Amino acid sequence: MRYASITDRLEHLGSGKWAVHLEARRMAAAGAPIIELTIGEPDVPTDPALLAECARSMHAGRTRYSNGRGEPGVVAALVAKYARRRPDIDEHNILCFPGTQTALFAVMLGLVESGDGVLVGDPLYATYEGVIASTGAHMIPVPLRPEKDFHMQAEDLEKAITPNARVLLLNTPHNPTGAVLSRDEIARLGEICRRHDLWIVCDEVYEELIFDKPFASPFDSPELAERTIVVSSISKSHAAPGFRSGWAVGPAEFCDKLLPVSETMLFGGQPFIADMTEMAISQPFQTAAIMRQKYRTRAELVCKTLAGSNLLQPLMPEGGMFIVIDVSATGLSGDAFAWDLLKDEQVAVMPGASFGEQAADYVRVSLTVDDALLVTAMERMVALAGRIAAEGAPRPRSLSA
Ligand SMILES: Cc1ncc(COP(=O)(O)O)c(C=O)c1O
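Residues numbered from 1 in each chain as written. Predicted model: local features only at pLDDT ≥ 70, side-chain atom pairs only at ≥ 80, totals over all residues.

(A) Just the sheet that holds strand β10 (residues 322-326), in detail. Read across the sheet, four strands follow the order β9-β10-β13-β12 without closing on themselves; strand pairing throughout is antiparallel. One side of each edge strand has no neighbouring strand; the edge strands of this open sheet are β9 (313-315) and β12 (350-351). Pairing of β9 with β10 involves three bridges; the strand directions are antiparallel. Bridged to Pro 314 within β10 is Ile 325. (Pairing = 2+ DSSP bridges. Helix = DSSP H or I, 4+ residues; strand = E, 2+ residues; numbered from the N terminus.)

And the structure:
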């Protein structure tokens, strides 16, 4: 049978990146006691008040059709949230979507198509490649250099720009590296985007999971307002990824143009989830503070546990729920190390290469298991690194991607 080219463009994107994770799940299903540190699922519960609000709303009959922009209550809550950052924001700047992922998908569909280029830092969140490819546009990687702690450098962006480049896709705090861009760094990147007339799409899903630094965003800069679109959700901030509740905030003209795209895709969201999201955004909750404290403590614990090993170099994240570890001193790539770690030590981590070439020497560890288990996993990692170094020669592989 014949299919549209989008199916070919997306066909091979999923499988290779997640091979270690899928094998770990297979082994776990067969009874192996795997410590799974692959995906980023918050390990704190959704606040009971939010669950109650969702149920209350459903029972109150909020189960009818909505509209393309979002229920008035949640739109007003988002206006209040973003107007604190930029007072010119009103309901014309908001579009609700089922999660950051769908917001990204729709936003990209509205901005680029075949022949266009999207600049994005490498390493990158694993689904960006698919989001870009689905539009027909191509990805233009901007190397995020380990020696710059994976912060995008203005000169690297400038060098990567081609005549077809239309969008810079930013992610701060960054997955997988935990890098948080400063105001000055954003100003330098923004100046280049203005000069080359590029849109800026900024994925801020980890906004509330920054450990120390102040949060900075191109959205907050009046000079960048006409070209900046923020996407985010309650998935991480409120430990509620299964609710699929997110949004895009951008220029009114952009939102008006994207509205028919959104309506065509979704025909509106679920009013009871909108009510729960309205409560999440407009009332104080402790979930993000609890996660910040947990993920920071665990990242420090990883650094402490690995401190004795000169073969494993963790990079303390500035935010988010992951830590990346340079394993190159073992002589193995991140991918080979992750497979050996799974096979020999029953610990599952993501190979850095799943997120891009620049992270090929790294593995990414999710900080979403309890402290003791994380320390056990890191001790096993140190033991494996020691054995690899002692063996010296390349090891035979019994599992591979
Ligand atoms: C950088 C980044 N963006 C987007 C998402 C997806 O978020 P959502 O659940 O809001 O679709 C994730 C999930 O891990 C992520 O890490």
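From this point, the discussion proceeds with the structure in view.
(B) Up close: the domain arrangement of the protein chain. In terms of domains, the protein chain is made up of domain 1 (5-45 + 287-390) and domain 2 (48-282). For domain 1 versus domain 2, the distance between C-alpha centres works out to 26 Å. Contact residues are listed per partner, giving 32 residues for domain 1 and 31 residues for domain 2. Where the side of domain 1 that touches domain 2 is concerned, the elements lending two or more residues are α1 (5-11), α11 (287-306) and β10. With six residues, the single largest contributor to the side of domain 1 that touches domain 2 is α11. Of the residues belonging to the side of domain 1 that touches domain 2, the class tally is 17 nonpolar, seven polar and eight charged. (Domains from an automatic or database assignment. Contact = placed C-beta atoms within 7 Å. Nonpolar A, V, L, I, M, F, W, Y, C, P; charged D, E, K, R; others polar.)

(C) Layout of helix α13 (residues 371-391). The end-to-end C-alpha distance of α13 is 30 Å, a good match for the 30 Å that 21 residues give at a rise of 1.5 Å each. Lining the buried residues of α13 we find β1 (35-36), α11, α12 (334-345) and β11 (347-348). Residue Gly 392 follows α13 closely and has a positive phi angle near 75°. (Expected span 1.5 Å × (residues − 1).)

(D) Up close: helix α6 (residues 128-135). Listing the buried residues of α6 in full gives Tyr 128, Glu 129, Val 131, Ile 132 and Thr 135. All buried residues of α6 lie within an arc of 165° about the axis, which places them on one face of the element. Contact partners of the buried residues in α6: α5 (99-111), β3 (117-122), β4 (138-143) and β5 (165-171). (Buried ≥ 20, exposed ≤ 12 C-beta atoms within 10 Å, placed from the backbone. Arc of directions from axis to C-beta.)

(E) Structural detail: the nonpolar core. Judged by nonpolar contacts, the single largest core of 121 residues is most densely connected at Val 107, Leu 119, Val 167 and Ala 248. The residue makeup of this core includes at least three contributed by each of domain 1 (5-45 + 287-390) and domain 2 (48-282). With residues up to four places along the chain from it excluded, the contact list for Val 167 reads Leu 111, Val 112, Val 118, Leu 119, Leu 198, Trp 199 and Val 201. (Core = buried A, V, L, I, M, F, W, Y, C linked by C-beta atoms within 7 Å.)

(F) Layout of the environment of Thr 100. Relative to the elements of secondary structure, Thr 100 occurs in helix α5. In sequence terms Thr 100 and Ala 216 are 116 residues apart; their C-alpha atoms lie 19 Å from each other. The contacts of Thr 100, once residues within four sequence positions are left out, are Asp 203, Val 205, Val 231, Ser 232, Ser 233, Ser 235 and Gly 246.

(G) A look at the sheet that holds β4. Read from one edge to the other, the open sheet built from seven strands follows the order β2-β8-β7-β6-β5-β3-β4, with strand pairing classed as mixed. With one partner strand each, in any of the chains shown, β2 (94-97) and β4 form the two edges of the open sheet. Shown here is a sheet whose adjacent strand axes are inclined to one another by a mean of 25°, direction ignored. Relative to strand β7 (residues 228-233), strand β6 (residues 199-203) is paired through four bridges, and the arrangement is parallel. Bridge pairing in β7 places Asp 203 opposite Val 231. Together, β2, β5, β6, β7 and β8 (246-249) form the strand contacts of α5, whose direction differs from that of β7 by roughly 155°. (Axes fitted to C-alpha atoms, helices over the stretch in contact; angles between N-to-C directions.)

(H) Unusual backbone geometry, seen in detail. At the junction of Asp 122 and Pro 123, the peptide bond is cis and its omega measures out at 15° in the coordinates. You can see Pro 123 is positioned in the loop between β3 and α6. Here the residue pair Thr 172 and Pro 173 is connected by a cis peptide bond, since its omega of -10° sits within 30 degrees of zero. Looking at where Pro 173 falls in the secondary structure, it is placed in the loop between β5 and α8 (183-195). Even without a glycine there, the phi angle at Asp 149 is positive, about 50°. Among the structural elements, Asp 149 can be located in the loop between β4 and α7 (154-160). Phi at Ala 239 takes a positive value of approximately 50°, unusual for a residue other than glycine. The residue Ala 239 is located in the loop between β7 and β8 in this model.

(I) Spatial organisation of the pairing of strand β13 (residues 362-366). For β13, a buried count of five out of five residues is recorded, marking the element as mostly surrounded by other parts of the structure. Covered by surrounding structure in β13 are Tyr 362, Arg 364 and Ser 366 together with Val 363 and Val 365, the residues of both alternating faces. As judged from the five bridges shared by β10 and β13, these two strands associate in the antiparallel manner. Residue pairing for β13: Ile 323 is matched across the bridge by Val 365. Taken together, the two bridges between β12 and β13 define a ladder with antiparallel strand orientation. Along β13, the bridge assignment pairs Met 350 with Arg 364.

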